[in-house]
Structure formats: C-alpha cells, structure tokens
Amino acid sequence: MQDNRTYATYAVMCELNSREFRRRLSLFPEDQRYQVVLASSIIGVQNAGRVKETPAAVVADGNEFVAKLLDMAGPEQDDAFKDVLEACLIETMNDELRYCCSNCMNFSACLSVENMPIGNLFRRRAEGEETDQLKKEIAYHIDQALQRTPHVESDSAHLLCGNFRHQYPTTALGEVFNRYADIAVELQRSYGINYRKIQLEMVRINMVFVEKDRLTPPA
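Bear in mind that the values here come from a model prediction, so they are computed numbers and not experimental data.

> Mind laying out the side chain of Gln 35, listing which residues take part and the relevant values?
Positionally, Gln 35 belongs in helix H2 (residues 33–48). The buried category is assigned to Gln 35, whose relative accessible area is 13%. Apart from the residues within four sequence positions on either side, Gln 35 is in contact with Asp 78, Ala 80, Phe 81 and Val 84.

Spelled out as structure tokens, the structure:
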C-alpha cells in the first residue's frame with residue numbers, strides 16, 4: 001500500500017509540475033521559451049539540492065541536464081536571460097506559497113491517494129513502460145482525482161474551502177525564504193541576477209502570505 005501511495009503521489013506531482021511549467025512558459029514570448037526551460041531547470045536543481053528529502057541521484061541527474069543545456073547555449077552574460085531567471089525565481093516562490101489545494105496539508109486526503117489506482121500504473125511507466133495507452137490511462141485517473149480538489153488552480157483556497165490548511169505555517173516562512181535567499185545568492189554569483197530585486201519580492205510575497213494566513217479560519 002505504501003508503494004502504491006508513493007507512486008500515486010509522484011504521478012499527481014508530475015502532472016501538477018507539468019501544468020505549472022506550461023503556465024510559466026505562457027508568460028513569455030515564444031522566442032524566450034528556451035531560456036524559460038533553462039531557467040526553470042537551473043532553479044529546480046538549486047531547490048532540489050536544498051531539500052533534504054531529495055534523493056542524491058535526482059540532484060545529480062538534474063545537474064547533468066542543466067550542464068547539457070548550458071553546453072548548447074550558455075547565456076551567462078545575457079541580460080535578457082537574467083530577466084527570465086529573475087522572473088522564474090519569483091514565480092517559483094509564488095507557486096510554492098500559493099493558497100491552492102496542492103499546497104494544502106489535506107491535499108493527499110482529499111485526493112484519497114491511498115486508494116488511487118494510478119500508483120501501479122505510474123510505477124510501470126517509471127520502470128520504462130511508455131505506451132500511449134498507459135499514459136492515457138494515467139492521465140484519465142489523475143483528471144478524475146483532481147476534480148476532488150477544485151481549487152488547485154486558485155490562490156484563494158483559504159476563502160473557498162473551510163478545510164484549507166497551508167503546508168507551511170507562518171513559523172516556517174523563515175526557512176522557506178532562507179532557502180530562496182541562498183538560491184538568489186548563487187544565481188547572482190553565477191549569472192549576475194539582481195539580488196536586491198529578489199529580496200524586495202520576498203518581502204512582498206511574505207506580506208501577502210501573512211495576510212492570507214490571518215484570513216484563514218482556525219482549524
């Protein structure tokens with residue numbers, strides 16, 4: 001059962017990450033979308049390396065993928081790429097702190113992850129079975145499950161759902177923003193992004209989060 005739950009969770013997270021990536025791509029003109037892919041990959045690797053639950057092999061694979069992208073076109077001194085990198089970092093922070101179903105402590109319970117049939121299906125795909133039929137079946141079950149979390153695209157789930165509880169209490173915000181501050185320092189050193197701009201955005205995002213937390217009904 002635990003194995004099924006783990007793979008079902010992976011399947012849902014994979015789908016949500018794909019949706020978020022498509023949304024992020026849509027924010028930029030088509031001629032910048034390669035840079036968005038590169039920026040998102042760099043930030044993803046930076047984040048993964050700072051989350052202790054991330055397996056070392058996943059971090060290593062991510063670093064290898066980013067290195068290959070940089071070999072193809074390394075824009076270290078490109079001002080346009082710096083702008084994209086800053087924008088993607090801010091969007092990543094916003095997404096992690098958004099008031100939506102996927103950031104709720106009750107998300108897995110609402111999905112009924114324990115009983116989702118996609119666990120074994122996704123395990124088969126992870127082990128190399130890449131048929132169109134399997135992909136369609138996984139997508140169908142994920143769509144059905146996500147209908148039980150109607151505010152997954154929202155940023156107002158605290159007002160729309162009486163059971164919403166954000167995955168981060170306000171007491172954990174310092175740790176979250178310290179992680180992003182570390183990432184911003186590394187990206188400033190490697191790519192020359194505007195660290196001050198990221199600091200100001202962190203202050204803004206923090207204020208928005210705290211205000212929404214204030215409006216969230218007590219458990």
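> How would you explain helix H6 (residues 118–126) if you had to name every residue and give the values?
Within the sequence span of H6, burial applies to Ile 118, Gly 119, Leu 121 and Phe 122. Taken end-on, H6 shows its buried residues confined to a sector of 165 degrees, consistent with a single buried face. Within two residues after H6, Gly 128 carries a phi angle of roughly 115 degrees, on the positive side.

> I'd like to hear about the pattern of salt bridges, residue by residue, with values.
Across all of its chains, the model carries 20 salt bridges by this definition. The partner of Arg 23 in a salt bridge is Glu 91, and the shortest N-O contact between them spans 2.8 Å. With Arg 23 in helix H1 (residues 2–26) and Glu 91 in helix H4 (residues 79–97), this residue pair connects regions lying 68 residues apart in the sequence. The partner of Arg 123 in a salt bridge is Glu 127, with the nearest N and O atoms 3.3 Å apart. Judged by relative accessible area, Glu 127 falls into the exposed class, the value being 57%. Through salt bridges with shared partners, a single ionic network connects Glu 15, Arg 19, Arg 22, Asp 143 and Glu 153.

> Pulling in residues and values, what's your account of the state of the cysteines?
Within this structure, the stated rule accounts for zero disulfides. In this model Cys 14 remains outside any disulfide bridge; the closest cysteine sulfur is found in Cys 100, 17 Å from its own. Its sulfur unpaired, Cys 110 is 6.2 Å from the next cysteine sulfur, which belongs to Cys 161.

> Tell me about the side chain of His 166, and name the residues and values.
Examined against the element boundaries, His 166 turns out to sit in the loop between helix H8 (157–160) and helix H9 (173–191). A distance of 3.2 Å separates a polar atom in the side chain of His 166 from the backbone oxygen of Leu 97. A distance of 3.2 Å separates the side chain of His 166 from the backbone oxygen of Arg 98, its partner in a polar contact. Beyond its immediate chain neighbours, meaning those up to four positions away, His 166 contacts Glu 96, Leu 97, Arg 98, Tyr 99, Asn 103, Met 105 and Phe 209.

> Summarise the packing of H2 against H9; cite the residues concerned and give the values.
It is the contact of H2 with H9, at a shortest axis distance of 10 Å, that shows an interaxial angle of 130 degrees. Looking at the two axes, H2 sits oblique to H9. The two elements H2 and H9 cross, and the hand of that crossing is right-handed. Seen from H2, the contacting residues are Ile 42, Ile 43, Gln 46 and Asn 47; seen from H9, they are Arg 179, Tyr 180, Ile 183, Glu 186, Leu 187 and Tyr 191. Within the contact of H2 with H9, the residues separate by chemical class into six nonpolar, two polar and two charged.

> Just give me the short version of the nonpolar core, but keep the residues and values in it.
Ranked by size, the top nonpolar core spans 38 residues in total, and within it Leu 85, Leu 89, Leu 97, Leu 187, Ile 193 and Ile 198 carry the most contacts. Breaking this core down by element, the ones donating at least two residues are H2, helix H3 (56–72), H4, H9 and helix H10 (195–215). The biggest single contributor to this core is H9, with nine residues. Not counting residues up to four positions away in its chain, the partners in contact with Leu 97 are Asn 103, His 166, Tyr 168, Leu 173, Val 176, Phe 177, Ile 205 and Phe 209. Among the nonpolar cores identified, the runner-up in size contains 19 residues, and Leu 121, Phe 122, Ile 138 and Val 152 belong to it.

> An account of a nonpolar patch on the surface is needed here, citing residue identities and associated values.
Residues Leu 159, Leu 160 and Leu 215 make up a contiguous nonpolar surface patch of roughly 300 Å² in combined accessible area. On the secondary structure map, Leu 159 appears in helix H8.

> Outline the packing of aromatic side chains, supporting the account with residue identities and numerical values.
Using the criterion set out here, one finds four aromatic pairs in the structure. Between the aromatic rings of Tyr 99 and Phe 164, the centroid separation amounts to 5.3 Å while the plane-to-plane angle is 35 degrees, which identifies the pairing as tilted. With Tyr 99 in the loop between H4 and helix H5 (107–111) and Phe 164 in the loop between H8 and H9, this residue pair connects regions lying 65 residues apart in the sequence. Here Tyr 99 matches Phe 164 in class, with each residue buried. Members of the aromatic cluster, each reached through a chain of ring pairs, are Tyr 99, Phe 164 and Phe 209.

Cut-offs and rules
- Every chain begins its residue count from 1, and numbering advances along the sequence as written.
- Local features are withheld for residues below a pLDDT of 70 in this predicted model, meaning they are given only at 70 or higher, and side-chain atom pairs are given and counted only at 80 or more; totals for whole chains, interfaces and linings count all residues.
- As a rule here, side-chain values come from all non-hydrogen atoms in the structure, and water together with hydrogens is ignored.
- Each helix is a run of H or I in the DSSP string that is no shorter than four residues. Each strand is a run of E no shorter than two, and both are numbered from the N terminus.
- Under the scheme applied here, a residue whose accessible area is under 20% of the maximum for its type counts as buried, over 50% as exposed, and between as partly exposed, the area being computed with a 1.4 Å probe on protein chains only.
- Contacts between residues were defined by any pair of non-hydrogen atoms, one from each residue, lying within 4.5 Å.
- To be clear, the arc concerns the directions from the helix axis to the C-beta atoms.
- By definition, a salt bridge exists where a carboxyl oxygen of Asp or Glu is found within 4 Å of a side-chain nitrogen of Lys or Arg.
- Two cysteine sulfur atoms make up a disulfide if the distance between them is within 2.5 Å.
- The term polar contact refers here to a pair of N or O atoms within 3.5 Å; inside protein, the definition further demands a hydrogen-donor-capable atom paired with an acceptor-capable atom, and it admits residues adjacent in sequence only when both atoms are side-chain atoms.
- To define axes, lines are fitted to C-alpha atoms, for helices over the stretch in contact only, and angles between the resulting N-to-C directions are given on a 0 to 180 degree scale.
- Reported orientations rely on four angle classes, namely roughly parallel under 35 degrees, roughly antiparallel over 145, roughly perpendicular from 65 to 115, and oblique for the rest.
- By definition, turning the near helix anticlockwise from the far helix through less than a right angle yields a left-handed crossing, and turning it clockwise yields a right-handed one.
- Under the convention adopted here, Pro, Cys and the residues Ala, Val, Leu, Ile, Met, Phe, Trp and Tyr are nonpolar, Asp, Glu, Lys and Arg are charged, and Gly plus all remaining residues are polar.
- The set of buried Ala, Val, Leu, Ile, Met, Phe, Trp, Tyr and Cys residues whose side-chain atoms join them within 4.5 Å is what this entry labels a nonpolar core.
- Patch membership needs two things, relative accessible area over 30% and no salt bridge, and members are linked within 9 Å if like-charged or within 5 Å if nonpolar (Val, Leu, Ile, Met, Phe, Trp, Tyr).
- Computed with a 1.4 Å probe, the accessible areas rest on the Shrake-Rupley method; for each residue, only the protein chains presented here act as cover.
- Aromatic rings from Phe, Tyr and Trp, taking only the six-membered ring of Trp, are treated as a pair when their centres fall within 6.5 Å; an angle between ring planes under 30 degrees marks them as stacked, one over 60 as edge-to-face, and anything in between as tilted.

Geometric values such as these leave the question of function open.
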